[in-house]
Amino acid sequence: MKRTRFFKMLIPDTRIYMIIISAFIIAMAYYNHIIAIIGVFVLAYLIYYNLRISNIRREEWTRYIEGLSSDIDSATKQAILNLPIPLTIIEFDGTITWYNSKFPEIVEKKDLLEKNIQDIIEQFNLKDVLQNKKENINEVNINGRYYKVLYNIIKLSKNHDSNYIIMLYWIERTDYLVIRDKYEDEKSVIGLIQVDNFDEVMQSTEEAIRPMIIAEIDQRLTIWASKINGLIRKYATDKFIVVFENQHLEKLENKKFEILDEIREINLGNKIPITLSIGIGLDGENPQQSGDYANAAKDLALGRGGDQTAVKRSDKISFYGGKTKAVEKRTKVKARVIAYALKQLMEQADSIYVMGHKTSDLDALGAAMGIYRAARNLNKEVYVVLGGSNPSIEVLYDRIMEQDQYRKSIITCEEARMRMDKNSLLIVVDTHRPNFTECPDLLNITENIVVIDHHRRGTEFIENTVLNYHETYVSSTCELVTEILFYMEDKINIEQIEAEALLAGISVDTKNFTFKTGVRTFEAASLLRRAGADTTIVKQLFQDDFDTIVARAEIVKNATITRNAVAISTCSDIKNIQLVAAQAADELLSIRGITVSFVLGKKSDGIIISGRSMGDVNVQLILEKLGGGGHLTVAGAQLEGYTLEEAKNQLEKAIEEYFEEGEE
């Protein structure tokens, strides 16, 4: 490159020579006019000669370029005419102006000129091209084969009738799509199956009939697996693993996993219906990850009360079933084991922190007071994290704060963040959702986290706990904590106000021992009564003022009835609206013929919904459609960005979807 530049410097432009010669001629004219005149003639000849040579070279270069352009045009035409893929040229209105020989072969038609491309290929959408939404159009179906469409929009010269044309290139992708679909269909899906209430069913069934029930469960599951060409193996008395291909999953989901109903229908002398929890895992990067998905899905199904299927993909979780009540487990072995494990954790901890959910209720506060007593009995430093009072706990909170020992131990979220360290033990009661806790930041300070809850598990939950006591069949978290206290010590050592707080929590969640009340619920209440709980004082904790009672009555009065048994009412501009809405939903169930109730309330930050059920309808599944959750008989949701009327329409739509799914 440097050498070329050097030679260019040695060969200057011809015009420079002419200028130099002209200068010499002018200088020479000063000394000799004759020689200067001769020089002028010579200069004129040189100029003429230079112009002539330049014109000749220009003509030769033009001919060369024209010949080259002709060759390129010829090559381009040949390339387009002999292009091995179908090519179509259309105008902006879709009219076909030209196509190569391959295009009629794929559409199986002839004489396509002046016809509209969308009439020839119905799936082709010309708007996507004109609006330039995509660089290409994928998977256009032409006579059972699939094509990817690439396109160019070309501006023409002015002597054409149209200013633009569109060139369409049809790239066949049928083989690729067949392979892709085959790969998707044949991907392995892993399912883990567990009989929810195996021990309870066996205990309530005569010994001679038990083998028949076990054999019937095994047979029905084996037949179900054979219908989907799956491999099923039993690896424990009440647990199975099944592996099948992904192509069968859609059919199972469309039928809402009818195996749940088939197993529930087994009646060979068993007094309790048999229910399953199924966890399905797929879309993992490898079989191990899909297995982890299946295990997590099964835990979710169990945590939501059982009798349902949870399908976990890499990006979402779906639930099917779950419309029956969770069966109470009469054995207290797990409660004893949990109590022992919790006692060990408390003894090892430097300090203990207890927190419930935001806007605490009597169940959360009562459970926190029970855990507080368990820690104090072990002479441990313990704090209850509470943001303050609210209408639902106001009376109990005021009574607690009158006593010095509690006033010093109840701290705010900010104080807990400052005091807590990684060696502290954090016990979360009455919730399992991180964002619902009183102070979510505490979950990141320590890894020693215990969760005690009775709500049906949602897709969001506290992970990596050292101890998780999650039982959805119990009435309340206070019931669980009462049993823990009983098994921690030979005799319950508890203050009267703490016993009353626990009994109040049980009472509020069972609606005074009406809903979700089992044998163990009454046993826990009996323990608290013997420990000094005064039922009259507990009753006083639920007393309301006059305005609240009037507001509740107004909500009940304005209720409308749908489906002959579902009551829906709305309210706004009411003090303590969240509490009043919940109480009104309970009140509506006392009306003869009403089995489900919903109350919507308008707050400054959105719409709250309280749902209640007698048990035949799962209000949790209905309100989950609106982003809420809870229990089969008690659930709630909060909506943002909706008016009261819009929220009511969304609720009615969710109710219709629920009943339609149940009728399928």
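For clarity, every value in this text was computed on a predicted model and none was experimentally measured.

## Some details on the overall build of the protein chain
A count of helical and extended segments in the protein chain gives 25 helices and 23 strands. Taken over C-alpha atoms, the radius of gyration comes to 41 Å for the protein chain, far larger than the 26 Å a tight globule of 664 residues would show. With the principal axes as the frame, the protein chain shows a C-alpha extent of 145 × 70 × 55 Å. For the protein chain, the residues scored as buried account for 45% of the 664 residues in total. Taking as baseline every contact in the protein chain between residues at least 6 positions apart, the subset at least 24 positions apart corresponds to 63%. As displayed, the protein chain has an accessible area near 35,600 Å², and 51% of this comes from carbon and sulfur atoms. In the protein chain, 80 side chains carry a positive charge and 96 a negative one; their mean positions are 4 Å apart.

## Focus: the packing of helix H22 (residues 546-557) against helix H23 (residues 577-588)
The interhelical angle for the contact between H22 and H23, taken along N-to-C directions, is 55 degrees, at an axis separation of 9 Å. By the angle class used here, H22 and H23 are oblique. H22 and H23 meet at a crossing whose hand is right-handed. Along the contact surface, H22 presents Thr548, Ala551, Arg552, Ile555 and Val556, while H23 presents Val580, Gln583, Ala584, Glu587 and Leu588.

## Here we look at the pattern of salt bridges
Two side chains bearing opposite charge may form a pair once their charged atoms approach each other closely. Within the structure shown, the criterion is met by 20 salt bridges. With a closest N to O distance of 2.7 Å, Arg220 and Glu216 form a salt bridge. With a gap of four residues between them, Arg220 and Glu216 both fall in helix H9 (residues 210-227), about one helical turn apart. Arg220 sits in the partly exposed class, given a relative accessible area of 24%. Here Glu657 ties to Lys625 by a salt bridge, and the two come within 4.0 Å at their closest N and O atoms. Residue Glu657 is found in helix H25 (residues 644-663), and its partner Lys625 is found in the loop between helix H24 (619-624) and strand E22 (629-630); the two are separated by 32 residues along the sequence. On the basis of relative accessibility, which here comes to 31%, the residue Glu657 falls in the partly exposed class.

## Re the domain arrangement of the protein chain
Looking at the assigned domains, one finds that the protein chain contains domain 1 (14-80), domain 2 (87-179), domain 3 (187-321), domain 4 (332-541) and domain 5 (546-661). Summarising the inter-unit geometry, the C-alpha centres of domain 1 and domain 4 are found 103 Å apart.

## Things to note about the side chain of Thr510
In this structure, Thr510 sits in helix H19 (residues 496-510). In terms of polar contacts, Thr510 uses its side chain to reach the backbone carbonyl oxygen of Ile506, at 2.7 Å. For Thr510, the contacting residues outside a window of four places in its chain are Ser475, Phe515, Lys516, Thr517 and Thr521.

## Concerning H9
Compared with an ideal rise of 1.5 Å per residue, which puts 18 residues at 26 Å, H9 spans 26 Å between its outermost C-alpha atoms and is within 8% of the ideal. Positive phi shows up at Asn229, right after H9, with a value of about 55 degrees.

## Considering the UniProt feature "binding site: Mn(2+) 1" (unreviewed entry) in the protein chain
If you check UniProt for "binding site: Mn(2+) 1" (unreviewed entry), the listed places come out as His357, Asp361 and Asp430 in our numbering. These annotated residues cover 74 residues of sequence, but their C-alpha atoms sit close together, with the largest distance between any two at 9.3 Å. Apart from the residues within four sequence positions on either side, His357 is in contact with Ala364, Val429, Asp430, Thr431, Phe436, Thr437 and Glu438. Within the structure, the side chain of His357 is placed 3.3 Å from the side chain of Asp361, a separation counted as a polar contact. Following the sequence through the fold, Asp361 ends up in the loop between strand E12 (352-355) and helix H14 (362-377). Asp361 has contacts with Ser392, Ile393 and Asp430, leaving out every residue within four places of it along the chain.

## Quick word on the sheet that holds strand E10 (residues 308-312)
Backbone hydrogen bonds hold the strands of a sheet together, and the pairing may be parallel or antiparallel. The strand order E7-E8-E6-E9-E10-E11 describes an open sheet built from six strands, whose pairing is mixed. Each edge of the open sheet is held by one strand with a lone partner, namely strand E7 (231-236) and strand E11 (317-321). Neighbour-to-neighbour, the strand axes of this sheet turn through a mean angle of 15 degrees, independent of strand direction. The sheet contact formed by strand E6 (residues 188-195) and strand E8 (residues 239-245) spans seven bridges and is antiparallel.

## Describing the packing of aromatic side chains
Across all of its chains, the model carries ten aromatic pairs by this definition. Centroid distance Phe124 to Trp170: 5.8 Å. Interplanar angle 55 degrees. Geometry classified as tilted. Of the two residues, Phe124 is situated in the loop between helix H5 (117-120) and helix H6 (126-130) and Trp170 in strand E5 (residues 164-172); the sequence distance between them amounts to 46 residues. In this structure Trp170 comes out as buried when scored by relative accessible area, which is 1%. Judged by centre distance (5.2 Å) and plane angle (80 degrees), the rings of Phe486 and Tyr487 are edge-to-face.

## A look at the packing of H14 against H19
Where H14 contacts H19, the axes come no closer than 8 Å and their chain directions differ by 145 degrees. Note that H14 runs across H19; the crossing there is left-handed. Across the interface between the two elements, Leu362, Asp363, Gly366, Ala367, Met369, Gly370, Tyr372 and Arg373 of H14 pack against Glu498, Ala501, Leu502, Ala504, Gly505, Val508 and Asp509 of H19. Here the residues of the contact of H14 with H19 are counted per class, giving eight nonpolar, three polar and four charged.

## Topic: a nonpolar patch on the surface
Taken together, the side chains of Phe92, Leu130, Ile153 and Tyr164 make up a nonpolar region of the molecular surface, amounting to roughly 340 Å² of accessible area. In this structure, Leu130 sits in helix H6. A relative accessible area of 39% places Leu130 in the partly exposed class.

## Here we look at the nonpolar core
For soluble globular proteins, nonpolar side chains are generally found buried alongside one another. Ranked by internal contacts, the top residues of the largest apolar core, which has 58 residues, are Leu342, Met346, Ile352, Ile371, Ile427 and Ile452. Sorting elements by how many residues they give to this core places H14 first, with nine residues. With sequence-adjacent residues up to four places away left out, Ile371 is seen in contact with Leu342, Met346, Val354, Ile427, Val429, Ile452 and Val481. By size, the runner-up hydrophobic cluster in this structure holds 32 residues, among which are Phe257, Ile259, Ile272 and Tyr320.

## Digging into the state of the cysteines
For the structure on display, the rule yields one disulfide. Across a sulfur-sulfur distance of 2.0 Å, Cys413 and Cys439 are joined as a disulfide pair. As the torsion about the S-S bond is roughly 45 degrees, the Cys413-Cys439 disulfide counts as right-handed. In this pair, Cys413 sits in helix H17 (residues 413-419) while Cys439 sits in the loop between strand E15 (425-429) and strand E16 (449-453), placing the two residues 26 residues apart along the sequence. Of the two residues examined, Cys413 and Cys439, each falls in the buried class.

## Focus on the UniProt feature "binding site: Mn(2+) 2" (unreviewed entry) in the protein chain
UniProt records the feature "binding site: Mn(2+) 2" (unreviewed entry) for Asp363, Asp430, His454 and Asp509 in the present numbering. Maximum C-alpha separation among the annotated residues is 11.1 Å over a sequence range of 147 residues, consistent with a single clustered spot. You can call Asp363 buried: its relative accessible area is 0%. When residues no more than four places from it in sequence are discounted, the contact partners of Asp363 are Asp430, His454, Ser476, Thr477, Cys478, Gly505, Val508 and Asp509.

Reading guide: rules and limits
Residues numbered from 1 in each chain as written. Predicted model: local features only at pLDDT ≥ 70, side-chain atom pairs only at ≥ 80, totals over all residues. Heavy atoms only, no water. Helix = DSSP H or I, 4+ residues; strand = E, 2+ residues; numbered from the N terminus. Rg over C-alpha atoms; globule rule 2.2 N^0.38 Å. Buried < 20%, exposed > 50% of the residue type's maximum accessible area, 1.4 Å probe, protein only. Contact = heavy atoms within 4.5 Å. Areas by Shrake-Rupley, 256 points an atom, 1.4 Å probe, with all protein chains shown as cover. Lys, Arg positive; Asp, Glu negative; His and termini not counted. Charge placed at Lys NZ, Arg CZ, Asp CG, Glu CD. Axes fitted to C-alpha atoms, helices over the stretch in contact; angles between N-to-C directions. Parallel < 35°, antiparallel > 145°, perpendicular 65-115°, else oblique. Left-handed = near helix turned anticlockwise from the far one by under 90°. Salt bridge = Lys/Arg side-chain N within 4 Å of Asp/Glu carboxyl O. Domains from an automatic or database assignment. Polar contact = N/O pair within 3.5 Å; in protein donor to acceptor, adjacent residues only side chain to side chain. Expected span 1.5 Å × (residues − 1). UniProt positions renumbered as here; feature names shortened; annotations may be inferred. Pairing = 2+ DSSP bridges. Phe/Tyr/Trp six-rings, centres within 6.5 Å; stacked < 30°, edge-to-face > 60°. Nonpolar A, V, L, I, M, F, W, Y, C, P; charged D, E, K, R; others polar. Patch = residues over 30% accessible without salt bridge, like charges linked within 9 Å, V, L, I, M, F, W, Y side chains within 5 Å. Core = buried A, V, L, I, M, F, W, Y, C linked by side-chain atoms within 4.5 Å. Disulfide = S-S within 2.5 Å.

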